[in-house]
Every structure is written in C-alpha cells, then in structure tokens.
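# Understanding the architecture of this molecule
The primary structure of each chain is shown beneath.
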Amino acid sequence: MRHEDLISTMTLAEKCTLLQGATTFGTRPIERLGIPSVEFSDGPSGVRHQAGDADHLGLNASEPATCFPTAVTIANSWDPRLAERVAAAMGAEAASQGVGVLLGPGLCIKRNPLCGRNFEYFSEDPCLSGTMAAAYVRGIQSTGIGACPKHYAANSQETRRQASDSVLDERTLREIYLAGFETCVTESAPRTIMTSYNLVNGTYANESSHLLGDILRDEWGFDGAVVTDWGGSNDHAAGVAAGSTIEMPAPGLGSVRELMDAVRSGALSEADLDERVDEAVELALSVAPAVEAARRSFDADAHHALAREAAAAGCVLLKNEGELLPLAAGTRVALIGDFAKTPHYQGAGSSAVNSTRVDSLLGLMGETDLDLVGYEPGFERDGGESPARRGAALDLAAHADVVLLCLGLTEIQESEGADRPDMRLNDNQLELAHAVAGVNPNVAVLLSAGSAVESDWMDDARAVLYCALGGQAGAGGALDVVTGRTCPSGRLSETWPLRLSDVPSSASFPSEGRCAEYREGLYVGYRYFQSAGAPVALPFGFGLSYTTFAYSGLEASPDGVALTVANTGNVAGAEVVQLYVAKPEREVFRPEQELRGFAKVELAPGESRRVTIPLTERSFAYFNVATGRWEVEGGAYELRVGASCEDIRLVGVVELAGTGAPNPYAGVDVTPYETADVTSVDDAHFSALLGRPLPDDTPGIGRNMCFCDLGHGRSLVFWVVWLALRAMKRAAERSGRPNLNVLFVWNMPLRAIAKMTGGMADMGVVDALVREVRGFGWGGAVLLALSLALGWGAGVGALLWALWVVAPIALALLANLVRNRALARKL
Ligand code: BGC
C-alpha cells in the first residue's frame, strides 16, 4: 500500500467515507488528514463541468468548454497522435476548471449499429479502440489529472442499461469486449476506470471479482481507482470486496453505514477495505497538484483550431464520382439542409458539452472562395413533411453548379439512454436527396451521424463526405476537405452494413429482457461479414482520398511487417496502412482476419516511405477457454496489409510453432461458430459455446426491478408511476428531443433510488418500496373494506389505505435520517 501510515490513523468511518461521492461529481475530503476532494467531470469529447447545481445527465448548463469531435470521428482519423493532442487539450481545460478526473474515453465495442451511445465509442474493433483509448488517456494524463476509460465491460446497449445482463462466453469477452481495455490499461496506466451499469454473466460488472480482481488488477496490473458509473452500484460492500473503489454519485451516509456494517460482520475484510482506501487516497493526492497549479483559463481559439483540424482528419470520403470534390474556387454552390445552419455536431446525454462557440457551414461559407448561391433548409428536422421547404430547395439547386446537401441523424436518434429503432435517415431527407439529384446531378452530401446508417440514398449523390459528429468546429473541418485545403484521410472505424437485418445481432438487439445474449460470439462487425462472406455497403477501414497510394516491398516476420508506401498522386495526403492477421488453415475457429496494427503515414506527392507495424505473440493468439490462457495455434499465418479490410494489397506468410494447447472445443458442437453462420444461433449451440446452461431471462420483483418493468408489478401507485413515465418518454420521442432524465429513470432499477438521492433514501427505503411493488399496498384495501363494514365511512377507509401504503416508507425514510444523523456526529 502507498499510504499505509496515513490509513493507520483513520477511523473505520473515515475510511468508509472515502469510498463514495459526497456530491454529484465530487468525493468527500478529510480535512484533518489533508485528503482533498476529487472532482470528476464528463466526458469523452470535451469537459462538462457543472459549476452550479449538478445533474449528471447534462440538463443543467455546464461551464463553456471546447466540444471536440466525438470518439467516432477521432477514431475515423486512425491517428493516435491526433487523439493524444485533442485529449491533452481536454485535460488542460478540465484542470483549468478544477476537475481532477475526466470521465473518458468511452471504448465500448460497437456490437450493433443501433446502440444509442455508439457516437461516444471508437469502434467495432478492439485493436483500433484500445489504441485510440490509450492515446486519449496519455493525452489527458499528460496534464497531471486522471482519465477514466469507460464502461468496463460488455456494455453494448442503452435499453435497460442499468440492469441488463450481458451473457457471453469467456473467449468472446476476452478477445472482443476486454481486449481494447487491456491495451488501454497496459499501455497508458489510467488513474481510474469506470465500471459499467450492466451485469456480465450474472454478476454486476462492479461486483465481479473476475473482471476487477483476476483480470483488471492481477493480469493487467491496474493499480488505480475503480469508479462506478453514476448510480451503477448495486451493493457497495460486494463491490469493494471485488475491487471497486468509489461509488458515485452521492449515495449518502447509508452507503458508508453499509460498508461499516460489512466490515463489522466480516462480510468485507478490513484488508480489502484498506486496499480500496489506499487507491482513493492515491487518486486524491496525485491529481490535486495539477488542479491547483492549473491556469484558470484556456486558449479557446487554439483549442477551436485543434478541434477543426481533428474534425477534418475524421472526415471519411465515401464516394467521389468523377472527382466532384474538392470544389474549385468560384464554384457556384447551393447549400441545402437544415444541418448547414444548425449543425448536429455532438450526441445527447452526459457527454454533451456547452461549447465555447459553434461553427456552421452557412456561417463559414464567406471564408472560402466558393460562390454561395443561397441556402435552404430543405426539410424539417423532426422528420415532418414540408413541401414548401422542399420546393425552395429544388429551385435553389437548379441554379447552382454543385449542391452541398447536408443530411444526418437527428438529436433524438443519438442519445444516451435510448437505442435507435432503425438504421435509416429520416424519409423526408431521403426524399429531398432524390428530388435534388433530379434537378442537379452534382450533389455532394455532407453526412452528420455518429454511427452507421443504411446508405441506398448514396445513389443520389456523386460525392459523399461522412463527417461523423465533428464537434463545435466540425463545419470548418468539413469545409477544409470540401475545398481541398485538407486531403481526406479518414477511414471507417465501423462496417456499414447494407441493411440492419444483415447484422448478426439484429434479431435480438437491443434485448428487452433481463439478459442480452451475445449469441454471435466473436463475429462482430467485419469479423462477421468477412467470415460469412456477406456483402456490406462500406467495409471497415474504407475511405477515399484526393490522391493515390502504392504499396510495395513487404517484409513479414512474426515481429511485424515493413513495407514501402508511395504517394502516387498530385496532392499531399495521408494513408492508413492496416495490418490484418489471418490463419487460413486452422483447427480452432476464428474470424477470417483481424486487425492487429495500423499506421498513418503523411506523404507529399511522389514521396515514399518505409512503414513498419509491429506484432507480438498476442497478435496471433486466441483465448483458450480450457487452459484459461492466451494460446497460439501452430502453423502458417497470413499477414495481410491493405487500405481497408477488403482492399488487401500485400500478403506475407509467417510460420509459428504455437503453444501446443489442446483445442478447447474438441467434442463440443460449436458448428455455427466454425461456419460463421451466427445470425440465429439456437439455444443448444449457444449453451455449448458458453459451456453452461442459458440463464433465466425473467425479470423478478426486487431491488433490481427497473422502472420500465413496473407495469408487471402489483402496486397501484407504481402502475401510475409507470404510466406517467411512459407517457413522458413518448411525448419526448414525438417532440424529437430526448428527455434524458426520463430515459435515465425508465432504465433505472429501484435500488438506484438509494444511490441517486443524495442520502435521502437508503436500502431500507428501497426495501419498503419493493414491498409495495410486491403488492403490500393492497392490504390497505382490506382496511377500507373493514372501515365500510364497521360503518366508519369511505373517507376514513381511504385514509387508512393511504396510511398503510405511506407509513412503512415514511418510517424507513425516518430511520435513514436518524441513522445518518448519528453517523454524521461521529465524522
Ligand atoms: C454515464 C457515464 C457518465 C456518468 C456521469 C452516466 O449515466 O453512463 O458515462 O460518465 O453518467 O455523468
């Protein structure tokens, strides 16, 4: 332990108070021992530091900060150095606002394009995700504060996000869902890590000694503080025993009492408690100097310029027929689409930043040497039909050389707390695109979306520039590419399927039941499409450029590849060289090929450069569920170097002796996984892969029953609560603006009431509520009947009923208050 002396002077109560938040974003200081409070702030694409009343989903305004491009955009740049610079700027802003830990990066794997938070995550691939996340952590922590990679682990859907059980086999967990975290933790040593809300194979991630102890701390050597997601702690004592450090946000002294009781009863050892206290103290002491020393301001202009550079680097040119782009000076441009004036540049939820300023394409056109003929919104943002808007847009389009048509997903389609219902752009946008192409074929679409969309509409455009979610300077970044100031070098960090139904998890995503079964196993994103030989709209790693590159001179060895890349075109540009490892002859099933390294190279016209991409033994390994270790199958491996997963330019072959481990699937029927036929794996095969029977999917009534399930409860009061919430959720959906608080509560289990009410309620109160949901309140009906029978009247009966319902809850609230007061006196 690093602070043994200090810890030996603490009382049990003091130790326990260090392990949870005291405010929505801050931990409790112990002044007498000189332990300061740590201030956390979201998030992955900029600082959301709420100075006044804090709510954790961003409804209350936060201090102005630079809104950098979201993770998907930075991932599309495939440029870890850029990611590090962006993250360093975010870190500096955070420190300037008194923030000690920035809650990011987010590196959950994009299992399905519909996940509402995909915009906040990097990729479907753990190599790209882990490399980018490590760069973020290095950048943030270069400023002296802490980063907090999230959400660990197997957190892939927003529906029921606080109480969904991700059911997956250990190999898939390790190779797909943990591998990025492993790279991030081992390469960049984050000071903290955030556990996810969900359970993994029946245990809350925050209470899993397998995830936190065996893997994170023992295997990967993580020695920082594990922080729960906000309201994500189920049983803090169990969490602390498993290796979780700080419960957030402010569960009140009830959580302290639980820890103290657990130590006294022996359920939690004092040694485990001390380990966690040591981590909390280390965090508080290590980030404080940077926060204290930080300037109280930052260079907003310089950060805006960096955000613009990053937005341009994250743009992916998806189509460019007849080299419509870049546009020459003097091109007469019609700017069409509501996003041109009011950009969709970030997603909704806890990551939303109060931007220092926001550029729009319309506002910046004057900066370019393009000739703006006019602007028309063309469509209603909320999806409604507007013949007048469309008509005006068509008139305008007919009078221009080129139409810059701004399409995209809307705010309600990219939000924390809700998954998308489909993968399409709104029909009114698609109809407009088709009509515009009818009056002017020179259409260049600028697409704002944080995740893949179905793309049949691309036939209506000669050029498509995917800007992802570009942050506050996204418009400038896009214009830099449109005008040729920046040569596009972004590549897709996720596969764009032809249709949603092609995605192997589509039939069961998002899971509405208690369990989210990852039946497709390893076959996520390109790993599925390439293994199954299924066509896609746009492959992983794909992106066009204004120049061309040639690959030659491959040297391949088990330690990596070296090759020469030449810029064979007329403009300077950057190429993303991707290295995939494949094992055509294999005994143990594995995806067709897997990304194991990449390099981004900037080259002047005519310039060539030798590029190396290293490999390690792990690049060839699979996780063997029989030996519980990473093993390498002996034999020949292909090292495939290309410009996308489909565009392989050079192939080398290397031989490896292998580790000689037995095939873990010998005698087990895992046929769908051997043939990559995983779109509808049956129970027997999934159970064979899991190595155990399938869990029960029925949500029960208990502390972890979600508000969205209250309709299945037995309480009149909670039926009303459920109906009211459902009505509010539907109203928000109709309005086109997500109601984040309603979404949060909708997916929230009852026990979170004890975690999110600043100490007003504890688990005793939750238990009283659970009794009510179980139908305790109907006992009041008996009192009413009795009152009528005894002639006391309906009024008295109703009063008795109300007392029956309210009294146990009121008593529990009172008991909590009294106990908290007693403890507070001792602190
Ligand atoms: C989100 C986290 C976020 C936290 C604090 C949670 O609801 O899942 O990503 O960091 O809130 O705002």
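For the structure itself, look to the data block above.
Residues numbered from 1 in each chain as written. Predicted model: local features only at pLDDT ≥ 70, side-chain atom pairs only at ≥ 80, totals over all residues. Heavy atoms only, no water.

## Some thoughts on the site of the ligand
- As a matter of local geometry, the ligand sits amid 15 residues, with D42, R117, H151, Y197 and D229 nearest to it.
- Contact distances for the ligand include 2.9 Å between an oxygen atom and a side-chain N or O atom of Y197.
- Residue composition of the shell around the ligand, grouped by class: five nonpolar, three polar and seven charged. (Near = heavy atom within 4 Å. Polar contact = N/O pair within 3.5 Å; in protein donor to acceptor, adjacent residues only side chain to side chain. Nonpolar A, V, L, I, M, F, W, Y, C, P; charged D, E, K, R; others polar.)

## Considerations on the sheet that holds strand β2 (residues 101-103)
- Ordered by their spatial adjacency, three strands build an open sheet running β1-β2-β3, and the pairing between neighbours is parallel. Looking at strand neighbours, the two that pair on one side only are β1 (40-42) and β3 (146-147), the edges of this open sheet.
- Sheet analysis places β2 next to β3, joined by two bridges and oriented parallel. Its bridge partner being in β3, L102 is matched across the sheet by A147. (Pairing = 2+ DSSP bridges. Helix = DSSP H or I, 4+ residues; strand = E, 2+ residues; numbered from the N terminus.)

## Considerations on the packing of helix α5 (residues 126-141) against helix α6 (residues 170-188)
- Interaxial distance between α5 and α6 falls to 8 Å at its minimum, and their mutual angle equals 30 degrees. Taken together, α5 and α6 sit at an angle that is classed as roughly parallel. Regarding α5 and α6, the two cross each other, and that crossing is right-handed. Together, P126, G130, T131, A133, A134, V137, R138 and Q141 of α5 and E175, I176, A179, G180, T183, C184, E187 and S188 of α6 make up the contact between the two elements. (Axes fitted to C-alpha atoms, helices over the stretch in contact; angles between N-to-C directions. Parallel < 35°, antiparallel > 145°, perpendicular 65-115°, else oblique. Left-handed = near helix turned anticlockwise from the far one by under 90°. Contact = heavy atoms within 4.5 Å.)

## Some thoughts on empty space enclosed by the protein
- Per the counting criterion, the structure on display carries eight cavities of 30 Å³ or more.
- In this model, the largest cavity occupies a volume close to 160 Å³.
- Taken together, 16 residues make up the lining of the largest cavity; nearest its centre are P343, S448, C467, G474 and A475.
- Secondary-structure elements contributing two or more residues to the lining of the largest cavity are β13 (443-448), β14 (463-468) and α15 (474-482).
- The element best represented in the lining of the largest cavity is α15, accounting for three residues.
- Grouping the amino acids of the lining of the largest cavity by side-chain chemistry returns eleven nonpolar, five polar and no charged. (1 Å grid on protein atoms, 1.4 Å probe; cavity = no way out; pocket = protein on both sides within 12 Å on 5 of 7 lines; lining within 4 Å. Points joined across faces, edges and corners; volume = space filled by probe spheres on them.)

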